[in-house]
Amino acid sequence: ELAAGGAVLVKDDELQRSSPERVSAIEAAIPERVLYAANVTGADADAVVAAGARALMVNAFVAGLGSLARLREYGLPIFVHRVGSAFLRRGGQMSVSARVLAELTRLLGADYVQVGSFSPRTFDTDAEVREQIAAARPATAVIGGGVGAENVREQLERAGTRDGVMLLLGSAAYAHPGGVRAGVAAAVEEIR
């Protein structure tokens, strides 16, 4: 349904570990133009890759940043989710800049770096999100958290660029009154 609506990348939820069976089923169901990033955080990445995964996702701040080096060995695109990074960011004077974390994940091998969003759902300021987008280059900066058809245009406008940016639709797409396919299609149409 996501692919039929116009999604170009589909990932599992950051809390849902992918299984080889899930990977096989999803890869068989989606067109080749759509990339599916299987969540290998805490999973048997060898089995997931053997099942046909064409991209991987990891919660690198949970699994450890060193996990990226191991995943790079597969030669597949890697989506790095930022779940688990908040403890590094919310330490007052002892915190780490979101820009530094975005750049670090890119330098360690991420092809897709999830950054904050211009939404009250995340704790990033507009300036911090723009800094993260810049730091993610030349990887793709993925704006995520509270993004749906109703605010995709605003997200891109506030980012100040479309170059090297991807929007991550979450629960808003699934909550669309016409269903998930219509939710994705509405978001795609909104930013054309």
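Residues numbered from 1 in each chain as written. Predicted model: local features only at pLDDT ≥ 70, side-chain atom pairs only at ≥ 80, totals over all residues. Heavy atoms only, no water.

Student: Got a sec to walk through unusual backbone geometry? Specific residues and values, please.
Tutor: A cis amide bond links R137 to the next residue, P138, at an omega of 10°. Counting through the fold element by element, P138 comes out in the loop between helix 8 (126-136) and strand 6 (140-144). (Helix = DSSP H or I, 4+ residues; strand = E, 2+ residues; numbered from the N terminus.)

Student: Report on the sheet that holds strand 4 (residues 78-81), specifying residues and quantitative values.
Tutor: Read across the open sheet, the seven strands follow the order 1-2-3-4-5-6-7; overall the sheet is parallel. In this open sheet, the two edge strands, each paired with only one partner strand, are strand 1 (9-11) and strand 7 (165-168). Averaged over all pairs of adjacent strands, the angle between strand axes in this sheet comes to 25°, irrespective of strand direction. Inspection of the sheet shows strand 4 paired to strand 5 (residues 112-115) by two bridges, in the parallel sense. The partner of F79 across the bridge, within strand 5, is Y112. Against the sheet, helix 8 makes contact with strand 5, strand 6 and strand 7, and its axis sits at roughly 170° relative to strand 5, the strand it touches most. (Pairing = 2+ DSSP bridges. Axes fitted to C-alpha atoms, helices over the stretch in contact; angles between N-to-C directions. Contact = heavy atoms within 4.5 Å.)

Student: Explain the packing of aromatic side chains to me, using residue names and the numbers behind them.
Tutor: Scanning the entire structure with this criterion turns up one aromatic pair. Directly above the aromatic system of F123 lies the positively charged group of R82, at a separation of 5.6 Å from the ring centroid. (Phe/Tyr/Trp six-rings, centres within 6.5 Å; stacked < 30°, edge-to-face > 60°. Lys NZ or Arg CZ within 6 Å of the ring centre and 35° of its normal.)

Student: Tell me what's going on with the environment of S67, and back it up with residues and numbers.
Tutor: In this structure, S67 sits in helix 5 (residues 67-72). The exposure class assigned to S67 is buried, which follows from its relative accessible area of 17%. Distance in space between the C-alpha atoms of S67 and A173 is 30 Å, their sequence separation being 106 residues. Look past the residues within four positions of S67 in its chain and what remains in contact with it is V58 and A60. Within the local environment of S67, its side chain forms a polar contact with the backbone oxygen of G64, the two atoms lying 2.6 Å apart. (Buried < 20%, exposed > 50% of the residue type's maximum accessible area, 1.4 Å probe, protein only. Polar contact = N/O pair within 3.5 Å; in protein donor to acceptor, adjacent residues only side chain to side chain.)

Student: I'd like a rundown of the confidence of the model for the chain, residues and numbers included.
Tutor: The pLDDT averaged across the chain works out to 93; a share of 95% of its residues lies at or above 70. When pLDDT is averaged over each element of the chain, helix 3 (residues 45-50) comes out on top at 98 and helix 6 (residues 86-89) at the bottom at 65. (pLDDT = per-residue confidence, 0-100.)

Student: Go over the packing of helix 7 (residues 98-107) against helix 8, please, and point to the residues and values.
Tutor: At a minimum axis separation of 8 Å, helix 7 and helix 8 run at an interaxial angle of 20°. Classified by the angle between their axes, helix 7 and helix 8 sit roughly parallel to one another. For the crossing formed where helix 7 meets helix 8, the hand is right-handed. Where helix 7 abuts helix 8, its residues A98, R99, A102, E103 and R106 lie against E131, Q132, A135 and A136. Looking at the contact of helix 7 with helix 8 residue by residue, the classes come out as four nonpolar, one polar and four charged. (Parallel < 35°, antiparallel > 145°, perpendicular 65-115°, else oblique. Left-handed = near helix turned anticlockwise from the far one by under 90°. Nonpolar A, V, L, I, M, F, W, Y, C, P; charged D, E, K, R; others polar.)

Student: Explain the nonpolar core to me, and be specific about the residues and the numbers.
Tutor: Counting residues in hydrophobic clusters, the biggest one holds 46 residues, and the most contacted among them are L56, L71, I133 and I143. Among the elements that make up this core, the one with the highest residue count is helix 8 (four residues). Discounting residues that sit within four places of it in the chain, L71 has contacts with V40, A45, L56, V58 and I78. Grouped together as the second largest cluster of nonpolar side chains are ten residues, L9, M57, Y112 and M166 included. (Core = buried A, V, L, I, M, F, W, Y, C linked by side-chain atoms within 4.5 Å.)

Student: Outline helix 2 (residues 20-29), supporting the account with residue identities and numerical values.
Tutor: Buried residues of helix 2: V23, I26 and E27, and no others. Viewed end-on, helix 2 has its buried residues packed into an arc of 100°, placing them on one side of the element. Turned more than 90 degrees away from the buried face of helix 2 sit E21, A28 and A29, all of them exposed. Where helix 2 is buried, its residues touch strand 2 (35-39) and helix 3. (Arc of directions from axis to C-beta.)

Student: Summarise the pattern of salt bridges; cite the residues concerned and give the values.
Tutor: Summed over the entire model, instances satisfying the criterion amount to 13 salt bridges. What emerges from the salt-bridge pattern is a single network uniting D46, R70 and E73. (Salt bridge = Lys/Arg side-chain N within 4 Å of Asp/Glu carboxyl O.)

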